[in-house]
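Reading the structure
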Amino acid sequence: MRIIRGKYGRRRFDVPGNITARPTTDFARENIFNVLDNLIDLEGARALDLFAGTGAISFEFLSRGCAEVTSVEKAQVQYTFIRSVAAKLGADNLRLVRGDALRFISTCSATFDIIFADPPYDMPGFAEVPGAILGSKMVREGTLVVVEHSKAHDFSGLPGFLEHRVYGSVNFSIFRV
């Protein structure tokens, strides 16, 4: 895993072979962050990374100046990896939550400036995730929501839809509440 830009930029971490996550490719991550840089000032922002996987998105947020990042991951292997990378970076502004992201969405009352969600593409109920986030207490006026998905989904009909971006086989739908 490589952190692309910012204060941790170019740092690399070996991902354990037993991780079951599908990490966002460096190419897709670099391009979506270029888009985000034009939509939101990450410096001092509060970010949420749902279905965090390897934590690559969380660390990119931290590297680019987010004041606080909450990272939610259910799997123990991924959770442990994220925790170890955070310790190596000295990233004390990462709030790591081991738990189910769907439960987190329904129970969290904290608000965020930006929310990134990358659910497993084959997860039952995948299509309901963006609507659940957009209808949650975590969003407030101005919150930017990014959902990574396969080409099988079209979320352009949801409230706040801004744009759809494609980088290789990776699709992103972007919303502003």
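Heads up: these notes are all about the structure in this document.

What counts and what doesn't
Residues numbered from 1 in each chain as written. Predicted model: local features only at pLDDT ≥ 70, side-chain atom pairs only at ≥ 80, totals over all residues. Heavy atoms only, no water. Core = buried A, V, L, I, M, F, W, Y, C linked by side-chain atoms within 4.5 Å. Buried < 20%, exposed > 50% of the residue type's maximum accessible area, 1.4 Å probe, protein only. Helix = DSSP H or I, 4+ residues; strand = E, 2+ residues; numbered from the N terminus. Contact = heavy atoms within 4.5 Å. Salt bridge = Lys/Arg side-chain N within 4 Å of Asp/Glu carboxyl O.

Counting residues in each nonpolar core, the largest one holds 37 residues, and the members touching the most others are I32, F59, F61, L89, I114 and F172. Secondary-structure elements contributing two or more residues to this core are helix 1 (26–39), helix 2 (56–63), helix 3 (76–89), strand 4 (114–117), strand 5 (144–149) and strand 7 (170–176). Leave out the neighbours within four places in its chain, and L89 touches I3, Y8, R11, F13 and F59. Judged by nonpolar contacts, the second largest core, of 23 residues, contains L48, M123, M138 and F155.

Here we come to helix 2. Counting buried positions along helix 2 yields 8 of 8 residues, so the element is predominantly enclosed. Three or more residues of helix 2 are buried, namely A56, I57, S58, F59, E60, F61, L62 and S63. Buried-residue contacts for helix 2 involve helix 1, strand 1 (46–50), strand 2 (68–73), helix 3, strand 3 (94–98) and strand 4. Positive phi appears at G65, one or two residues downstream of helix 2, with a value of about 100°.

Okay, the pattern of salt bridges next. Throughout the structure, instances matching the rule amount to 10 salt bridges. For R64, the salt bridge is made with D37, and the minimal N-O distance between the two is 3.1 Å. Note that R64 is positioned in the loop between helix 2 and strand 2 and D37 in helix 1, a separation of 27 residues in sequence. In this structure R64 comes out as buried when scored by relative accessible area, which is 11%. Under the relative-accessibility criterion, D37 is labelled partly exposed at 33%. The residue K74 makes a salt bridge to D100 at a minimum N-O spacing of 3.6 Å. Note that K74 is positioned in the loop between strand 2 and helix 3 and D100 in the loop between strand 3 and helix 4 (101–107), a separation of 26 residues in sequence. The exposure class assigned to D100 is partly exposed, which follows from its relative accessible area of 24%.

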